[in-house]
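Fold and geometry: a report
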Amino acid sequence: MDISVVGAGHVGLVTGACFADLGHEVIVVDNDVKRIANLKKGIMPYYEPGLEELVKRGVREKRLAFTTSLKEGIDKSIIIFIAVGTPQKATGEADLAYVEDVARSIAEHLPGYRLVVEKSTVPVQTGKWIAHTIKTYHRKKHIADVASNPEFLREGTAIQDFMKPDRVVLGVESKRAKDLLVALYKPLGAPLVITDISSAELIKHASNSYLSMKISFINAVAQVCERAGADVQQVADGMGLDPRIGRSFLNAGAGYGGFCFPKDVEAFIKISEQLGYDFELLKAVRNANELAKRSFAQKIQKALWVVRGKTVGVLGLAFKPNTDDMRYAPAIDVIEYLEGEGATVKAFDPQAMKEAAHLLPKVKMCQDPYEVARGADCLAVLTEWNEFKELDFARLKKLLRQPLIVDGRNIYDPARMKALGFRYISVGRA
Ligand code: UDX
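The present account deals with the structure reproduced in this document. The structure presented is a predicted model; accordingly, all values stated were derived computationally and were not measured. (Residues numbered from 1 in each chain as written. Predicted model: local features only at pLDDT ≥ 70, side-chain atom pairs only at ≥ 80, totals over all residues. Heavy atoms only, no water.)

Quick look at the overall build of the protein now. Helix and strand content of the protein: 17 helices and 14 strands. Over its C-alpha trace the protein gives a radius of gyration of 23 Å, about what one expects of a compact globule, namely 22 Å for 430 residues. Classification of the 430 residues of the protein by burial places 54% in the buried group. In the protein, of all internal contacts separated by at least 6 residues, the share reaching a separation of at least 24 is 72%. Accessible surface for the protein amounts to roughly 19,000 Å². Of this, 54% is attributable to carbon and sulfur atoms. (Helix = DSSP H or I, 4+ residues; strand = E, 2+ residues; numbered from the N terminus. Rg over C-alpha atoms; globule rule 2.2 N^0.38 Å. Buried < 20%, exposed > 50% of the residue type's maximum accessible area, 1.4 Å probe, protein only. Contact = heavy atoms within 4.5 Å. Areas by Shrake-Rupley, 256 points an atom, 1.4 Å probe, with all protein chains shown as cover.)

Turning to the site of the ligand, a few remarks are in order. Around the ligand, the structure places 19 residues, and the nearest of them are L153, E155, K204, F319 and K320. Within the side chain of K204, a nitrogen or oxygen atom sits 2.8 Å from an oxygen atom of the ligand. Between the ligand and K320, the relevant distance is 2.9 Å, taken from an oxygen atom to a side-chain nitrogen or oxygen of the residue. Coverage of the ligand by the protein amounts to 92% of the 650 Å² it exposes when considered alone. (Near = heavy atom within 4 Å. Polar contact = N/O pair within 3.5 Å; in protein donor to acceptor, adjacent residues only side chain to side chain.)

Quantified by volume, the second largest pocket comes out at close to 340 Å³. Taken together, 20 residues form the lining of the second largest pocket, with A94, L96, P123, T126 and W129 sitting closest to its centre. If you list the elements that add at least two residues to the lining of the second largest pocket, you get helix 5 (97-109), helix 6 (126-137) and helix 11 (261-274). Looking at which domains feed residues into the lining of the second largest pocket, each of domain 1 (2-195) and domain 2 (210-425) supplies at least three. (1 Å grid on protein atoms, 1.4 Å probe; cavity = no way out; pocket = protein on both sides within 12 Å on 5 of 7 lines; lining within 4 Å. Points joined across faces, edges and corners; volume = space filled by probe spheres on them. Domains from an automatic or database assignment.)

Our next topic: the sheet that holds strand 11 (residues 364-365). Across the sheet, which stays open at both edges, the 6 strands sit in the order 11-10-9-12-13-14 with parallel pairing between neighbours. Looking at the sheet topology across the chains shown, the edges are occupied by strand 11 and strand 14 (423-425). With 5 bridges joining them, strand 9 (residues 311-315) and strand 10 (residues 344-348) adopt parallel strand pairing. Paired with T311 across the two strands is T344, which belongs to strand 10. Of the strands in this sheet, strand 9, strand 12 (378-381), strand 13 (404-407) and strand 14 are in contact with helix 12 (residues 280-304), which crosses strand 13 at around 165°. (Pairing = 2+ DSSP bridges. Axes fitted to C-alpha atoms, helices over the stretch in contact; angles between N-to-C directions.)

Further remarks concern the packing of aromatic side chains. Under the definition given, this model contains 12 aromatic pairs. An angle of 85° between the planes, with centres 5.2 Å apart, marks the rings of F393 and Y412 as edge-to-face. With a gap of 19 residues between them, F393 in helix 16 (residues 393-399) and Y412 in the loop between strand 13 and helix 17 (414-419) connect regions that are remote in the sequence. In this pair, the class of F393 matches that of Y412, namely buried. These aromatic residues form a ring-pair network of at least three members: F19, F81, F162 and Y185. (Phe/Tyr/Trp six-rings, centres within 6.5 Å; stacked < 30°, edge-to-face > 60°.)

With that out of the way, let us pick up helix 5. Across its 13 residues, helix 5 extends 18 Å between first and last C-alpha, which sits within 8% of the 18 Å expected from 1.5 Å per residue. Among the residues of helix 5, those classed as buried are V99, V102, A103, I106 and A107. The arc that holds the buried residues of helix 5, viewed along the axis, is 140°, so those residues lie on one side. Those residues of helix 5 hidden inside the fold are in contact with strand 1 (2-6), helix 4 (70-75), strand 4 (79-82), strand 5 (114-118) and helix 6. (Expected span 1.5 Å × (residues − 1). Arc of directions from axis to C-beta.)

Okay, here's the thing in C-alpha cells:
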C-alpha cells in the first residue's frame, strides 16, 4: 500500500521504516531540510537501536523515500499518517499547531480520496478538529476520512514495539477507513481494538497517564519505605506477582522523564479541565514525580553535607537507557539543582552527551565512568545503562575522593556495595 508519514521524528521515522520493511511503499515527509538531507545519506536524526539499518534497507530496496514536499507525499499515497510533534505549551496544553498545519495542507492538496491518520499523541477530540479543518480548507468535492491510530512505542525498543505490539488501536468512523487500516495492520497478528476516534485518542492518553501513575505510586511508596526501613524493590516484587498489578513500571527511582509521560500527563490534565473535569489524581502523579527528582537531588546534598565546592560525578544523562534523548530527563533537574548549590558536575553517558552538552553547558563531559570518578566527591547514577552495572569498583574507590555512591536507579545491591567499602545510598531501600 502507498503510505506517507508526515514527521520524521521518534514516531514517524520508526513508523515509516517499519511499514517499508513490511513491504509497503513509504514516503516520509519532514519540513526540516537538513534532517531529510541526512536521512537520504543514511544519517539518523537520533539514536534508536536497529533504526539505521532498517532505514538503509528500505532506501536500498526503494520502498522508503524522504522528501520535504508534503504535496509529493499526499500525491503518492492513499494513507497519510500525521506523526508531527505535539509539544507542551507553557499552559501545559498540547500544542497542535503542527497538526493543524498538516491538516490544512492536506485539504489544499487533496487530489482524491485520502485516509488521514493521527499517529501523534493528541488530546481527545483532535480527530474531530482535523476533519473540520480538512472540510473547511478543501475547495473541491474529494473526501477524506480521518482515523486515530496512536503509537505505543518506547524509545530504545521502538522497532520491536512496532513489529510486535500488544495491541493496535484503530479509531475509525467509516467502513473504508476501517478496511484500509485492518488490511494494513493484519500482518502484525496483534489484537486489533477497533473503536471510535475519541475513544482511540483517550486510550493513548489514559495508557501513558496510567503508566506514569504506576511509577509515581512506587516512588511515593519508596518515600514510605525509607522512613519505615523497608525495601521498595522487595515491596514491588511482592506487589507485582499479583497479575492484576504486574511488576513492570514499579521500579522506584529519580523520577520519570522523556517526551511522552511528562507532556501527556499535563495534556490530559488540561484537556480534562477544558471538558469540565478536574483530574486531581493526575496532578498528584505529576507532583509525586517532581518530588522524586527533588528528593534524589537532596539525597546527594545530604550525603555530601556541604555541596558548595564539591565535585559530583554523574553516570547517565539520557531519560532512560538505550536512547540519546534528553527531553525532560531527570538528570537535567538534578544537575541544575546541584550546580545551583555550588557543586561542579562531571558526567558520562554512552549516547546522550552530544544531546546533553547544550542543555548542561557547565557539565564536564567525560569519556568513561572512571574519568567521571577521578577526583569526584561522590558518584550519582541517573540512568540505568547496562554498562554501569559491572564496573571495576576497586578502581572507582581509588579514583573517588570518598567511597560514596548515590544510586537513582537502584542498579546496585546494598549488601554488595557495603562489602566493597562504599557508603551506598539508593531509593526506597534502607
Ligand atoms: C513511554 C511509553 O512506555 C510508551 O508506551 C509510549 O508510546 C511513549 O512513552 P518512553 O517514554 O519511551 O515510552 O519510555 P518508558 O520506557 O516508558 O520510560 C519512561 C520514563 O519512566 C523513563 O524516564 C524511565 O526511566 C521511567 N521509568 C520507567 C521509571 O522510573 N520506572 C519504571 O519502572 C519504568
